[in-house]
Amino acid sequence: MRNSALRWAGLALATGAVWAVLAYAGLSAAALFASLVVAAVLAVRGVGPERIPRPAGMLAQGILAVSIGFMIDTETLSALGSSWLPALAVCVATLVVSVAAGLLLAAHRDVDAVTGALSMVAGGAQGLVAISRELGGDERIVAVIQYVRVGLIIVTMPVVATVLFGAGSGAAAPAVEDGSVWYVNLLVVAGCIGVGIGVGRLVHLPAPATLGPLVASGALELSGWIDSVSAPTVLLPIAFVLIGWQAGLAFTGDSVRAVGRVLPWAILLILVLGVVCALLGLMLSSLTGTSLLEGYLATTPGGLSAVLAVSAASGVNVTFVAAVQVVRLVIILLAAPFGAKAFVALRSRHARKSEREKASVK
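Going along each chain's sequence as written, the residues are numbered from 1 onward. With pLDDT at 70 or above as the cut-off, local features in this predicted model cover only qualifying residues; side-chain atom pairs require 80 or more to be listed or tallied, and sums for whole chains, interfaces and linings still use all residues. To get the side-chain values, take all heavy atoms of the structure and skip hydrogens and water.

**Focus: the overall build of the protein chain**
Okay, so step 1: What counts as a helix is a DSSP run of H or I of at least four residues, what counts as a strand is a run of E of at least two, and both are numbered from the N terminus. Within the protein chain, the secondary structure is distributed over 15 helices and 0 strands.
Okay, so step 2: Each residue is assigned to one of three classes by its accessible area relative to the maximum for its type, calculated with a 1.4 Å probe on protein chains only: buried under 20%, partly exposed between the two thresholds, exposed over 50%. A total of 362 residues make up the protein chain; the buried ones form 48% of that total.
Okay, so step 3: In the form shown here, the protein chain has an accessible surface area of approximately 17,100 Å², with 69% of it arising from carbon and sulfur atoms. A 1.4 Å probe and the Shrake-Rupley method give the accessible areas. Residues count as covered only by the protein chains that appear here.

**Things to note about the side chain of serine 83**
Okay, so step 1: For serine 83, the position within the fold is in the loop between helix 4 (74-78) and helix 5 (84-105).
Okay, so step 2: Residue classification places serine 83 among the buried residues on the basis of a relative accessible area of 11%.

**What about the nonpolar core?**
Okay, so step 1: The biggest cluster of nonpolar side chains holds 90 residues, and the ones touching the most others in it are Leu105, Met120, Ile145, Tyr147 and Val324.
Okay, so step 2: Take this core: its biggest share by element is 12 residues, from helix 15 (residues 318-361).
Okay, so step 3: Contact between two residues is taken to exist if any of their heavy atoms lie within 4.5 Å; hydrogens are not considered. Ignoring anything within four residues of it in the chain, the contact list for isoleucine 145 reads Leu105, Ser119, Met120, Val262, Ala266 and Ile270.
Okay, so step 4: What is meant by a nonpolar core is a set of buried Ala, Val, Leu, Ile, Met, Phe, Trp, Tyr and Cys residues, joined one to another through side-chain atoms within 4.5 Å. In terms of nonpolar packing, the next biggest core, distinct from the first, is built from 11 residues, Ile153, Ala278, Leu293 and Val316 among them.

**What to know about a nonpolar patch on the surface**
Okay, so step 1: Each patch is assembled from residues with relative accessible area greater than 30% and no salt bridge, linking like charges that lie within 9 Å and nonpolar side chains (Val, Leu, Ile, Met, Phe, Trp, Tyr) that lie within 5 Å. Here a salt bridge means any side-chain nitrogen of Lys or Arg lying within 4 Å of a carboxyl oxygen belonging to Asp or Glu. Together, Trp84, Leu85, Leu88, Val92 and Val96 make up an exposed nonpolar region whose accessible area comes to about 460 Å².
Okay, so step 2: Structurally, the position occupied by leucine 88 is in helix 5.
Okay, so step 3: For leucine 88, a relative accessible area of 32% puts it in the partly exposed group.

**Looking at helix 7 (residues 125-132)**
Okay, so step 1: Counting buried positions along helix 7 gives 7 out of 8 residues, so the element sits mostly inside the fold.
Okay, so step 2: Among the residues of helix 7, Ala125, Gly127, Leu128, Val129, Ala130, Ile131 and Ser132 are the ones counted as buried.

**A look at the pattern of salt bridges**
Okay, so step 1: Within the structure shown, the criterion is met by 5 salt bridges.
Okay, so step 2: Measuring nitrogen to oxygen at the nearest pair gives 3.7 Å for the salt bridge that ties glutamate 50 to arginine 51.
Okay, so step 3: What makes arginine 51 exposed here is its relative accessible area of 54%.
Okay, so step 4: Close ionic contact of arginine 109 with aspartate 110 constitutes a salt bridge, the shortest N to O distance being 3.9 Å.
Okay, so step 5: Of the residues examined, arginine 109 reaches a relative accessible area of 69% and is grouped as exposed.
Okay, so step 6: Through salt bridges with shared partners, a single ionic network connects Arg109, Asp110 and Arg261.

**As for helix 12 (residues 253-288)**
Okay, so step 1: Helix length check: helix 12 (36 residues) gives 50 Å between terminal C-alpha atoms against 52 Å at 1.5 Å per residue, within 8%.
Okay, so step 2: Looking one or two residues beyond helix 12, the residue adopting positive phi is glycine 289, at roughly 80 degrees. Expected helix span is given by 1.5 Å per residue-to-residue step, counting one fewer step than there are residues.

**Description of the packing of helix 12 against helix 13 (residues 292-299)**
Okay, so step 1: Fitted lines through C-alpha atoms serve as axes, helices being fitted only where they are in contact, and the angles separating the N-to-C directions of these axes extend from 0 to 180 degrees. Between helix 12 and helix 13, the least distance of the axes is 7 Å, while the angle of their chain directions is 135 degrees. With respect to their mutual orientation, helix 12 and helix 13 come out oblique. Relative to helix 13, helix 12 is oriented so that their crossing is right-handed. Contacts between helix 12 and helix 13 involve Cys277, Ala278, Leu280, Gly281, Leu282, Leu284 and Ser285 from the first element and Leu292, Gly295, Tyr296, Ala298 and Thr299 from the second.
Okay, so step 2: For this classification, Asp, Glu, Lys and Arg are treated as charged, while Ala, Val, Leu, Ile, Met, Phe, Trp, Tyr, Cys and Pro are nonpolar and the rest, including Gly, are polar. Split by residue class, the contact of helix 12 with helix 13 holds 8 nonpolar, 4 polar and no charged. Here roughly perpendicular refers to angles of 65 to 115 degrees, roughly parallel to angles under 35, roughly antiparallel to angles over 145, and oblique to all remaining angles. Note: crossing handedness is left-handed where the near helix turns anticlockwise from the far helix by less than a right angle, and right-handed where it turns clockwise.

**Description of the packing of helix 7 against helix 11 (residues 235-248)**
Okay, so step 1: Packing of helix 7 against helix 11 brings their axes to within 10 Å, and their N-to-C directions diverge by 45 degrees. If you check the angle between helix 7 and helix 11, you find them oblique. Crossing of helix 7 over helix 11 shows left-handed handedness. Together, Gln126, Val129 and Ala130 of helix 7 and Phe240, Ile243, Gln246 and Ala247 of helix 11 make up the contact between the two elements.

**Some details on the confidence of the model for the protein chain**
Okay, so step 1: Per-residue pLDDT for the protein chain averages 82, and the proportion of residues at 70 or more is 89%.
Okay, so step 2: The predictor attaches a confidence to each residue, called pLDDT, with possible values from 0 through 100. Predicted confidence for residues 169-177 stays below pLDDT 50, and this span has 8 contacts to residues more than four positions away or in other chains.

**Section: the packing of aromatic side chains**
Okay, so step 1: To pair, rings of Phe, Tyr and Trp, with the six-membered ring standing in for Trp, must have centres within 6.5 Å; the planes then decide the type, stacked if under 30 degrees apart, edge-to-face if over 60, and tilted in the middle. Inspection of the entire model under this criterion finds 1 aromatic pair.
Okay, so step 2: With a centroid separation of 5.9 Å and 55 degrees between ring planes, the pair formed by tryptophan 8 and tryptophan 245 is classed as tilted. Placement of the pair is tryptophan 8 in helix 1 (residues 2-24) and tryptophan 245 in helix 11, with a sequence separation of 237 residues.
Okay, so step 3: The class for tryptophan 8 is partly exposed, based on a relative accessible area of 25%.

**Things to note about a positive patch on the surface**
Okay, so step 1: In this tally Asp and Glu are treated as negative and Lys and Arg as positive; neither His nor the chain ends contributes. The atoms used to mark charge sites are NZ of Lys, CZ of Arg, CG of Asp and CD of Glu. Taken together, Arg349, Arg352, Lys353 and Arg356 make up a surface patch of like positive charges.
Okay, so step 2: Looking at the element boundaries, lysine 353 is found in helix 15.

**A look at the side chain of threonine 94**
Okay, so step 1: Here threonine 94 shows up in helix 5.
Okay, so step 2: From its side chain, threonine 94 meets the backbone oxygen of valine 90 in a polar contact 2.8 Å long.
Okay, so step 3: Non-local contacts of threonine 94, meaning those with residues more than four positions away in its chain, are made with Ala122, Cys277, Leu280 and Arg328. By the criterion applied in these results, polar contacts are pairs of N or O atoms within 3.5 Å in which, for protein atoms, one can donate a hydrogen and the other can accept it, and in which residues neighboring in sequence qualify only through two side-chain atoms.

Right under this line is the structure:
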């Protein structure tokens, strides 16, 4: 027991130190990157805890899902206006292209189809990593490739936006005080998580710790029953740390070598995916009459916070960009569990059919 406590303390202290350094350097999602890297290093060296408790993992999924659900407000969605159909079509097309890239990634011997699809889906990196184990994927590969995708997007997106689409420096969006009280927010978040997970399990939702709270918080936000509610600021970093630890502690020497073999192929596919999403952005711009820059930013495959920052600094329609990004994020988090469950069921059915055919031949 004492040894276990020391390991957890060491993990927490090392994560905090690396987190502080990355945050000082201005790295996006510093908490998540720090927790993943530190946990993976300690796990490979054999000095880290075995795993985070399952309730802690479910809590992290719930916090993340509720924070996303609160983004589904009427003001953001109304920004799409008459452009909702082209925006929805582009979001679905992005999902289809991402899954296709994932199937290409699965051609590698170290990656199965579910892991490949979850690794390459554009957007919702934290949520996908959080539920990957539950959906039958390898969360270690999913985590590394998703965060590499986010890193590449964060690095290249401002350059592409400036060089190719003429993003400049405009007026940043003003900060808005929501006037909410932290303990009310906390109670609402806890209620959405508890009710969402309970109902999700009752109706047998795949990944109930994500889908249940996501639906509960989204429905509450759209109902207008409680205005100006948001997840307390301190909760998201805690969720990111737990998610990073969950993936990092699963690493072994063999898995590190497997990720190393997959990574070059994955990076190539990520770059291709970025180009395809940019082309979808041009199509969205043409169909909706928005600027080329707004179309590009709205369809960038990930890095939501960086996308909104560039949008605000460029003086474009930030609300439209945010609306398309949020719609795609919600579609991905809703579709991924059902898609993975359907694929696993289809694969199992095919395996049983093959076994019956072999038995009949004998």
